[in-house]
Each structure stands twice: as C-alpha cells, then as structure tokens.
Amino acid sequence: METAWQSIVMVISGVLLLRIAGRKSISQMTMAQTVVMISIGSIIIEPIVETSVWEAIIGAGIFIIALITMEYVQIKFNFLEKLITGKSKVVIENGVPHTENLKKLRYTVDQLEIQLRQQGITSFSDVQKATLEPNGQLGYELVPDARPLTVKDFKQLLQIEQNQDANQQEAHNIFDELSEKDKKDPDSVTFK
C-alpha cells in the first residue's frame, strides 16, 4: 500500500514540477533540458525503490530550479547561451550541403535528407538556406520558385491579371472604327 501511495505522490509532484519547467516536447528540448528531465525521471523512481518521497521531491525541485536558472542566465548572457545550448549551424546554402559543418555536427548527408523529406522537400536545389537548430530541428528557407503560393503572392497575381484585362479593353480594334463610320455616314450604300 505504501508503494502505491508513494507512486501517486511522485507522479503528481513530477507533473507539477515539469509544468513549472515549461511546455516543450522532447524534440524541442536543448541538451541541458534533456539531461534535467532524464535526471528527474530517475529521481522520481528512486523513492519507490529505496529512499524517502520527500527527499526525491526536493531533489527534483532542485533540478527544476537549476534548469530555470540556466534558462534565465542564457537570456542575460549570449556567450553562456552559446556554451549551454549552442547556436544554429548552416547545413545547406544555395542548394549545396555544407559538408564541413555536417562533419562538425557529426551529422550525415543521409540524416539531412531524412529531415528534408520530412518537411516535404525533394531536392537540395530547392533550399536557399537550411540550419540545424540546437534542438535538432531543421530550419530552412526555400528558393523563390520552390516556395508555396502565399495570399500575398495570389493578390499580386490577381492585380497583374486585372491590369492586363484593363489594358486589353483600352486597346481598340481597327475594324471597330470602320463599323462606327458606317453607322454615322448616311452616304454609305448597303447591298442586299
């Protein structure tokens, strides 16, 4: 019975502590956040097996405070953000993979291709620039011809179409002039 009670307390306290830590999925976490979350998972299991529940809650709380402190320090000091979280690295530029940056990141071209396919991109040449973000996600900008049509683009196309229609209406037909003269000229003879 005591194990069940401890398990319920740990689950509730774990949810509350993670709620304080912030809402990020595993794929959005930085390395520091991932380490803290794994540590909290280990701490939450520990009291059920060996030590006290309250010690585990305090330990998990200390990890959350450390995480929040690291995030705050990263906001204040850019060099610490680079040290703790890292910065985005360019992996494609003008349709060409940056093999040197990929090697530094220990990232293969095949892994990059997987990321591109998951975004619906079928060719490196469609990518103007792509970066590998600190959370492992791929950020990218497509070349103009590969970008999806936006509302702004559609409105511009409509405006061009309307201008062309107006220009065509303004240009008159040379035969229209003759038919107008026939209507005005009573001396014209019509044959039946």
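Rules behind the numbers
- Residues numbered from 1 in each chain as written.
- Predicted model: local features only at pLDDT ≥ 70, side-chain atom pairs only at ≥ 80, totals over all residues.
- Heavy atoms only, no water.
- UniProt positions renumbered as here; feature names shortened; annotations may be inferred.
- Helix = DSSP H or I, 4+ residues; strand = E, 2+ residues; numbered from the N terminus.
- Pairing = 2+ DSSP bridges.
- Polar contact = N/O pair within 3.5 Å; in protein donor to acceptor, adjacent residues only side chain to side chain.
- Contact = heavy atoms within 4.5 Å.
- Core = buried A, V, L, I, M, F, W, Y, C linked by side-chain atoms within 4.5 Å.
- Buried < 20%, exposed > 50% of the residue type's maximum accessible area, 1.4 Å probe, protein only.
- Expected span 1.5 Å × (residues − 1).
- Salt bridge = Lys/Arg side-chain N within 4 Å of Asp/Glu carboxyl O.

1. Remarks on the UniProt feature "transmembrane region" (unreviewed entry) in the protein
Moving on, step 1. Cross-referencing UniProt, the feature "transmembrane region" (unreviewed entry) maps to residues 6–22 and 54–73 in the present numbering.
Moving on, step 2. Taken end to end, residues 54–73 is 100% helix and 0% strand, and its first and last C-alpha atoms sit 28 Å apart.

2. Structural notes on the pairing of strand E3 (residues 127–132)
Moving on, step 1. In the sheet, strand E1 (residues 89–93) pairs with E3 via four bridges, with the strands oriented antiparallel. Following the sheet pairing, Lys89 is matched in E3 by Leu132.
Moving on, step 2. The hairpin turn running from E3 into strand E4 (residues 138–142), its antiparallel successor, is five residues long, and Gly136 in that turn takes a positive phi close to 90 degrees.

3. Side note on the side chain of Gln115
Moving on, step 1. Here Gln115 is to be found in helix H6 (residues 109–118).
Moving on, step 2. Separated by 3.0 Å, the side chains of Gln115 and Tyr107 make a polar contact.
Moving on, step 3. In contact with Gln115, not counting residues within four places along its chain, are Tyr107, Gly136 and Leu138.

4. Quick look at the nonpolar core
Moving on, step 1. With 13 residues, the main nonpolar core has Val91, Ile92, Leu112, Leu116, Val127, Ala130 and Leu138 as its most contacted residues.
Moving on, step 2. Mapped onto this core, the elements with two or more residues apiece are E1, H6, E3 and E4.
Moving on, step 3. Here Leu116 is in contact with Ile92, Ile121, Phe124, Val127 and Leu138, once residues within four sequence places are set aside.
Moving on, step 4. By size, the runner-up hydrophobic cluster in this structure holds six residues, among which are Val36, Met37, Ile40 and Ala60.

5. Things to note about the sheet that holds E1
Moving on, step 1. With antiparallel pairing, four strands are arranged side by side in an open sheet as E2-E1-E3-E4. Unpaired on one side and paired on the other, strand E2 (96–97) and E4 mark the two borders of the sheet.

6. Examining helix H3 (residues 53–76)
Moving on, step 1. Across its 24 residues, H3 extends 35 Å between first and last C-alpha, which sits within 8% of the 34 Å expected from 1.5 Å per residue.
Moving on, step 2. Of all the positions in H3, only Val53, Ala56, Ile57, Gly59, Ala60, Gly61, Ile64, Leu67 and Gln74 are classed as buried.

7. A closer look at unusual backbone geometry
Moving on, step 1. The phi dihedral of Asn94 falls on the positive side, at around 55 degrees, and the residue is not glycine.
Moving on, step 2. Among the secondary structure elements, Asn94 is positioned in the loop between E1 and E2.
Moving on, step 3. Classification of Asn94 by relative accessible area gives exposed; the value is 55%.
Moving on, step 4. Of note, the phi angle at Arg106 is positive, near 55 degrees, even though the residue is not glycine.
Moving on, step 5. As for its position among the elements, Arg106 is in the loop between helix H5 (99–104) and H6.

8. Quick notes on the environment of Gln33
Moving on, step 1. Mapped onto the fold, Gln33 is located in helix H2 (residues 31–49).
Moving on, step 2. Once the C-alpha coordinates of Gln33 and Ile68 are considered, the two residues, 35 residues apart in sequence, prove to be 9.5 Å apart.

9. Focus: the pattern of salt bridges
Moving on, step 1. Under the criterion given, the structure shown has two salt bridges.
Moving on, step 2. Notably, a salt bridge pairs Glu93 with Lys129, separated by 3.7 Å at the nearest N-O pair. Here Glu93 is found in strand E1, whereas its partner Lys129 is found in strand E3, with 36 residues between them in sequence.
Moving on, step 3. Here Glu93 falls in the partly exposed class, since its relative accessible area comes to 31%.
Moving on, step 4. Between Glu141 and Arg147 there is a salt bridge; the shortest N-O distance is 3.1 Å.
Moving on, step 5. Arg147 sits in the partly exposed class, given a relative accessible area of 39%.

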